[in-house]
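This is what each chain is made of:
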Amino acid sequence: TIYLRMLSRCLSRVTRPFLSKTLASQATFDLPECSLHKFDIELPRTCTLTREDALRYYKDMTIIRRMETAANALYKTKEIRGFLHLYSGQEAVCVGMEAAVSLQDSIITAYRDHGWAYTRGLSPESILAELTGRSGGCQKGKGGSMHMYTETLFGGNGIVGAQVPVGAGIAFAHSYKNDGKVCIALYGDGAANQGQIFEAFNLAALFKAPCLFTCENNHYGMGTSDVRAAANPHYYTRGDAVPGIKIDGMNVLAVRDFTKAVTDWMRAGNGPVVAENRNIPLLRTQHERSWN
């Protein structure tokens, strides 16, 4: 066994330089079709992915998944009290959208905010410490699962749909200052029937505020299917006069490149867009499953 290990190490040292020369530094992929609503925009059909970007996206999505798995285990042992809404299955949305914008752009989301907190620069340790109510948490243990912030992450909000009009206001501030930034206001399919969301659509359209209203559609609002809760579950069409786009939320490259195209269109002064990222729900806490 010792000799086999030594032989393996020697071979790896010999072959590694040859392998590094043959590995591609980038690859080109076809992007999936996406649906549009009253949207005249030129979208990319292919994308280029570098080796460094691929490794970074994989690392970030894996960290978020494992962090959420650990949080679920802590919730079951009652180390985490109160509410816990996991981001498992939606990692490609936050990682892909972050790759399309800058850290100076604004983000505001609902209570599935752990993944966004991580992509905005908070460490998994500070997030898990916050979930367990410890002083080492990102809000010193006083915010919990639904209230995590950075300078450009405006929550984590616990009231269903309440963050969307705030996001419209943040986008209006960017427009007023003419700073070239955009705001991404995220909400779930369970919040999509809130009246305040439609008011936010209307005001953002009137003021041409650069707000990307993004529905993270995991098909279940708590325990209720979207087709049972909405007469029109095609959420990207719900902006009326506001253009809309439906994106495969399980494809990090589609999320990245389509978000980049849309935010570039918004930065040119064209106003808001409604995006729908479709995901597969993978993990729900006992608290969420009880709301059937």
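Just above sits the structure.
This write-up is about the structure you can find in this document. (Residues numbered from 1 in each chain as written. Predicted model: local features only at pLDDT ≥ 70, side-chain atom pairs only at ≥ 80, totals over all residues. Heavy atoms only, no water.)

## Notes on the layout of surface pockets
And then number 1: Estimated volume of the largest pocket: approximately 440 Å³.
And then number 2: Lining the largest pocket we find 26 residues, and of these His 85, Tyr 111, Arg 112, Val 160 and Met 222 sit closest to its centre.
And then number 3: Elements that contribute at least two residues to the lining of the largest pocket include exactly strand S5 (183–188) and strand S7 (220–221).
And then number 4: When its residues are assigned to classes, the lining of the largest pocket shows 11 nonpolar, 12 polar and three charged.
And then number 5: Here the second largest pocket defines a volume of roughly 210 Å³.
And then number 6: Around the second largest pocket, the lining residues are Leu 31, Pro 32, Glu 33, Cys 34, Leu 36, Ile 41, Glu 42, Leu 43, Pro 44, Arg 45 and Phe 258.
And then number 7: Partitioning the lining of the second largest pocket into residue classes produces eight nonpolar, no polar and three charged. (1 Å grid on protein atoms, 1.4 Å probe; cavity = no way out; pocket = protein on both sides within 12 Å on 5 of 7 lines; lining within 4 Å. Points joined across faces, edges and corners; volume = space filled by probe spheres on them. Helix = DSSP H or I, 4+ residues; strand = E, 2+ residues; numbered from the N terminus. Nonpolar A, V, L, I, M, F, W, Y, C, P; charged D, E, K, R; others polar.)

## Quick look at the side chain of Glu 276
And then number 1: Following the sequence through the fold, Glu 276 ends up in strand S10 (residues 273–278).
And then number 2: With relative accessibility at 0%, the residue Glu 276 sits in the buried group.
And then number 3: A distance of 3.2 Å separates the side chain of Glu 276 from the backbone nitrogen of Tyr 236, its partner in a polar contact.
And then number 4: Excluding residues within four positions of it along the chain, Glu 276 makes contact with Cys 215, Asn 217, Pro 233, His 234, Tyr 235, Tyr 236, Ile 245, Lys 246 and Ile 247. (Buried < 20%, exposed > 50% of the residue type's maximum accessible area, 1.4 Å probe, protein only. Polar contact = N/O pair within 3.5 Å; in protein donor to acceptor, adjacent residues only side chain to side chain. Contact = heavy atoms within 4.5 Å.)

## Here's the deal with the sheet that holds strand S9 (residues 244–248)
And then number 1: Strand order in this open sheet of six strands is S2-S9-S10-S6-S5-S4, and the pairing throughout is mixed. Looking at the sheet topology across the chains shown, the edges are occupied by strand S2 (35–37) and strand S4 (106–108). Here the average twist between neighbouring strands, direction ignored, is 20°.
And then number 2: As judged from the six bridges shared by strand S6 (residues 211–217) and S10, these two strands associate in the parallel manner. When the bridges of S10 are listed, Thr 214 appears paired with Ala 275.
And then number 3: The strands that helix H3 (residues 91–100) touches are S5, S6 and S10; relative to S6, the one it contacts most, it runs at about 160°. (Pairing = 2+ DSSP bridges. Axes fitted to C-alpha atoms, helices over the stretch in contact; angles between N-to-C directions.)

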